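Working through the structure, step by step
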Amino acid sequence: MWYAIILAGGSGSRMGAGRNKVLLELQGEPVILRAIRAFEGLADGVVLVSRGEDIPAMREMLAERGLTAAVVPGGATRQESVWNGLCALPEAADRVLIHDGARCLVDADTIRRCMESVEACGSGVAAVPVVDTIKQVDAEGVVVSTPDRSTLMAVQTPQAFDTALIRRAHEAAMAEGFIGTDDASLVERLGYPVRLTQGSRRNIKLTTPEDINMAQAFLGSGFPALRVGQGYDVHRLVEGRDLILCGVKVAHTLGLLGHSDADVALHALMDAMLGAMALGDIGKHFPDTDERYRGISSMKLLAHVVSLLAEHGAQVTNCDVTIVAQKPKLLPHIPQMRQNVAEALSLPLDRVNVKATTTERLAFEGREEGISAQAVVMVAQA
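All of the points below concern the structure found in this document. Keep in mind that what you see is a predicted model, and the values were worked out from it rather than measured.

1. As for the sheet that holds strand β17 (residues 352-357)
- Reading across the sheet, the five strands line up as β15-β12-β18-β16-β17 and stay open at both edges, with mixed pairing between neighbours. In this open sheet, the two edge strands, each paired with only one partner strand, are β15 (255-256) and β17.
- The sheet contact formed by strand β16 (residues 314-324) and strand β18 (residues 370-381) spans 10 bridges and is antiparallel. Looking at the pairing, valine 321 lines up with alanine 375 of β18.

2. Focus: helix α10 (residues 298-311)
- Here α10 spans 20 Å end to end across 14 residues, near enough to the 20 Å set by a 1.5 Å rise per residue.
- Those residues of α10 that sit buried are Ser298, Leu301, Leu302, Val305, Ser307, Leu308, Leu309 and Ala310.
- Buried positions along α10 lie against α8 (264-276), α9 (282-285), β16, α11 (334-345) and β18.
- Among the residues of α10, the N-terminal cap falls to serine 297, whose side-chain oxygen and the backbone nitrogen of methionine 299 are separated by 3.1 Å.
- Just downstream of α10 lies glycine 313, where phi reads positive at about 65°.

3. Focus on the environment of leucine 302
- Among the structural elements, leucine 302 can be located in helix α10.
- In this structure the C-alpha to C-alpha distance between leucine 302 and lysine 329, which are 27 residues apart in sequence, comes to 24 Å.
- Ignoring anything within four residues of it in the chain, the contact list for leucine 302 reads Leu266, Leu269, Met270, Met273, Ala344 and Leu345.

4. Focus on the sheet that holds strand β1 (residues 2-8)
- The mixed open sheet is built from seven strands, whose spatial order is β5-β4-β1-β6-β10-β7-β11. Edge positions in the sheet fall to β5 (70-73) and β11 (196-198), since each has one partner strand and no second. Geometrically, the sheet is characterised by an average inter-axis angle of 30° between neighbouring strands, direction not taken into account.
- The pairing of strand β6 (residues 95-100) with strand β10 (residues 153-162) spans four bridges and is antiparallel. For valine 96, the partnering residue across the bridge sits in β10 and is phenylalanine 161.

5. What about the packing of helix α3 (residues 78-87) against helix α5 (residues 163-176)?
- At a closest axis distance of 11 Å, the pairing of α3 and α5 adopts a crossing angle of 135°. As judged from the angle between their axes, α3 and α5 are oblique. Note on packing geometry: the crossing formed by α3 with α5 is left-handed. Contact with α3, carried on its side by Gln79, Val82, Trp83 and Leu86, involves Ile166, Arg167, His170, Glu171, Ala173 and Met174 of α5 and no other residues of that element.
- Classifying every residue of the contact of α3 with α5 gives six nonpolar, two polar and two charged.

Criteria and thresholds
- Note that residues are indexed from 1 along each chain, following the sequence as it is written.
- Where local features are concerned, this predicted model is filtered to residues with pLDDT of at least 70; where side-chain atom pairs are given and counted, the filter is 80 or more; whole-chain, interface and lining totals use all residues.
- In computing side-chain properties, one takes all heavy atoms of the structure into account and sets aside hydrogens as well as water.
- What makes two strands pair is DSSP finding at least two bridges between them.
- Secondary structure elements follow DSSP: runs of H or I of four or more residues count as helices, runs of E of two or more count as strands, with numbering from the N terminus.
- Working rule for helices: expected span equals 1.5 Å times residues minus one.
- A 1.4 Å probe rolled over the protein chains alone gives each residue an accessible area, and that area as a share of the maximum for its type sets the label: buried under 20%, exposed over 50%, partly exposed in between.
- Contacts are assigned to residue pairs with any non-hydrogen atoms lying within 4.5 Å of each other.
- A 3.5 Å cut-off defines polar contacts: any pair of N or O atoms within that distance qualifies, except that in protein one atom must be a possible hydrogen donor and the other a possible acceptor, and neighbouring residues in sequence count only when both atoms are side-chain atoms.
- Think of each axis as a best-fit line through the C-alpha atoms, taken over the contacting stretch in the case of a helix, with angles from 0 to 180 degrees between the N-to-C directions.
- Reported orientations rely on four angle classes, namely roughly parallel under 35 degrees, roughly antiparallel over 145, roughly perpendicular from 65 to 115, and oblique for the rest.
- By the definition used in this description, the sense in which the near helix is turned from the far one sets the handedness, with an anticlockwise turn below a right angle giving left-handed and a clockwise turn giving right-handed.
- Gly is put with the polar residues, along with every residue not named as nonpolar or charged; the nonpolar set is Ala, Val, Leu, Ile, Met, Phe, Trp, Tyr, Cys and Pro, and the charged set is Asp, Glu, Lys and Arg.

Here's what the structure looks like:
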């Protein structure tokens, strides 16, 4: 009997999603459900290994879609999570496919090749030839050697084995305190030959926002949808407050009044981001009646908005922020402002623009009663 163990215990930190990346949607369907569906009709059952805090959401999703899988908690490492999955297999499961849930584009042919290899020789691991030149380097980044790429393969999942074999491999690794980068490496340490089978270039692992865009292209919808957002904000200048703009404290006799740090530039930027995704405005998400946000840095609020967009499969591709103030002179501070925003949005510096202007002493900005800011962003959504 064949069983699939699907690993869904990642945090999604490199995705910048603020949640488990396999819960993100790809063309309207959560990534993890796409991964599970790939094994329908091939495996007799599925064990889904999840972070403990995500288990209720996983079970709810499965029930809503009429899918059946045993959901068990993962461990502190990938290896521990696989072991937990192995322990949850029924006794009749004498063959097992171990698969990363973030590889949601795996196809039936790749899975079948792994299974056929196990039937023939006890193991079958999806892999593709390395096409780039690989350099081995030392701690200083100096090249030590250039391996012959004709002998190199990039390993994927699923990795399939006789269940008894992979259990022995994990038990031996635990006994010796060995942590491998994949399950095949544990079997190799037993001295057992591991057979590689043909994988797929489409079988990518979703790790960064760029991977989402690539998956979108593979699914046949071409480039991600592009959305434009525009934001505008105003704050009054008063005594006794710091002047914070794009996360930079600017020396001045007056500061901006607000419930948070009143960073008018970031407020306009966040409104533009939320507007692009039709998610309301910062007043909806960070109301001035909530004491949690009193005096809070707007850089922290921006990080939350970035995560909110990531949950919807979206990321800012570039932004343009205009600050309108008669005083003080902001030109010396703009490089740091751009750097702060670029880091917060995980963008190259050349995709972030911040500029300052005056109103030639006209209107409230010109009378130094307040500062306004405008922002425009482009957002790409998978």
